[in-house]
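One letter stands for each residue in the lines below.
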2 protein chains.
Amino acid sequence: MAVVAKWMCDRDNTMFDNKKDADAYDKMLELAEGFSALLLQHIPSVDEARAEEFGIFLAKNKEAVMQACKGRVEALEEINGDASPSNVSPLSAQA
Amino acid sequence: MAVVAKWMCDRDNTMFDNKKDADAYDKMLELAEGFSALLLQHIPSVDEARAEEFGIFLAKNKEAVMQACKGRVEALEEINGDASPSNVSPLSAQA
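Residues numbered from 1 in each chain as written. Chains lettered and ligands numbered in written order. Predicted model: local features only at pLDDT ≥ 70, side-chain atom pairs only at ≥ 80, totals over all residues. Heavy atoms only, no water.

Under the annotation held in an unreviewed UniProt entry, chain A carries the name YebG family protein and is attributed to Zhongshania guokunii.

In structure tokens, the structure reads:
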């Protein structure tokens, strides 16, 4: 038996084994909230959960967003292909 | 009478007096289209014109978007305050 340190992101209570991952997750959610808030302000008719999801999507792909802002707009299309929408799960390969 | 060079962005036929401004506008619209496309893919129920508008908003504020992605998320809130939605026009100061 042992006592193990855990880290919790208090935005959504997700648990992590180390502080670095918890910090990164917290920062990602913070950015996501910023994007979602912008979207909801501009298009108030958008479903809030959908807006939150889109914010998380942009935040998770912030590297591509930055590249696009710097001029390589194709970066946005590339994440398009990778990240499947949440209602479509890729088939997992069978060994 | 004189012949004057003009530059047109063929995405929406906006005219410019110099190539530099036309290029910058074209690049901004390209980025905007990238963002709008992402939004429409994630939230297909969003009104297309609204999605386009939101893409243009993000593209016009790409400096703040980049700052937020780099960690200064407040940058997004700051543009929130500045950029009034298209249906609200600031009163112009009378001299």
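For chain A, the helix and strand inventory stands at 4 helices and 2 strands. When the helices and strands of chain A are placed in sequence order, the string is β-β-α-α-α-α. Expressed as a percentage of the 95 residues in chain A, the buried residues total 34%. Across chain A, the fraction of contacts at a sequence separation of at least 24, relative to all contacts at a separation of at least 6, is 18%. Accessible area of chain A: about 6,300 Å², with a carbon and sulfur share of 52%. (Helix = DSSP H or I, 4+ residues; strand = E, 2+ residues; numbered from the N terminus. Buried < 20%, exposed > 50% of the residue type's maximum accessible area, 1.4 Å probe, protein only. Contact = heavy atoms within 4.5 Å. Areas by Shrake-Rupley, 256 points an atom, 1.4 Å probe, with all protein chains shown as cover.)

So, on to the packing of aromatic side chains. On inspection of all chains with the given rule, the structure shows 4 aromatic pairs over all chains. Ring geometry for Phe16 of chain A against Tyr25 of chain A: centres 5.1 Å apart, planes inclined by 50 degrees, an arrangement best described as tilted. Residue classification places Tyr25 of chain A among the partly exposed residues on the basis of a relative accessible area of 22%. Here the basic side chain of Lys19 of chain B rests over the ring of Trp7 of chain B, its NZ or CZ set 5.9 Å away from the ring centre. (Phe/Tyr/Trp six-rings, centres within 6.5 Å; stacked < 30°, edge-to-face > 60°. Lys NZ or Arg CZ within 6 Å of the ring centre and 35° of its normal.)

With that out of the way, let us pick up the side chain of His42 of chain A. Tracing the sequence through the fold places His42 of chain A in helix α1 (residues 19-42). The class of His42 of chain A is buried, set by a relative accessible area of 14%. Filtering out sequence-adjacent residues up to four positions away, His42 of chain A remains in contact with Arg50, Phe54 and Phe57 of chain B.

Before going further, it helps to spend a moment on a negative patch on the surface. Residues and elements named next belong to chain A. Judged by side-chain charge, Asp47, Glu48, Glu52 and Glu53 come together as a negatively charged surface patch. Take Asp47: it is sitting in the loop between α1 and α2 (48-60). Asp47 sits in the partly exposed class, given a relative accessible area of 45%. (Patch = residues over 30% accessible without salt bridge, like charges linked within 9 Å, V, L, I, M, F, W, Y side chains within 5 Å. Salt bridge = Lys/Arg side-chain N within 4 Å of Asp/Glu carboxyl O. Lys, Arg positive; Asp, Glu negative; His and termini not counted. Charge placed at Lys NZ, Arg CZ, Asp CG, Glu CD.)

The next thing to look at is the pattern of salt bridges. All names here are of chain A. Summed over all chains, the structure comprises 16 salt bridges over all chains. Of the charged contacts in the structure, one is a salt bridge between Glu33 and Arg11, with a shortest N-O distance of 3.4 Å. One end of the pair, Glu33, is in helix α1; the other, Arg11, is in the loop between β1 (7-9) and β2 (14-16), and 22 residues separate them in sequence.

Moving on, we come to the interface of chain A and chain B. Of the residues lining the interface, 29 residues belong to chain A; the matching set on chain B comes to 29 residues. Taking both partners together, chain A and chain B bury about 2,800 Å²; carbon and sulfur atoms supply 75% of that area. For chain A, the biggest contributors to the area lost against chain B are Leu38, His42 and Cys69 of chain A; these three give 22% of the whole. Run the count over chain A and chain B and you get 0 salt bridges. The interface formed by chain A and chain B includes 6 residue pairs in polar contact (both at pLDDT 80 or more). (Buried area = accessible area lost by both parts, 1.4 Å probe. Polar contact = N/O pair within 3.5 Å; in protein donor to acceptor, adjacent residues only side chain to side chain.)

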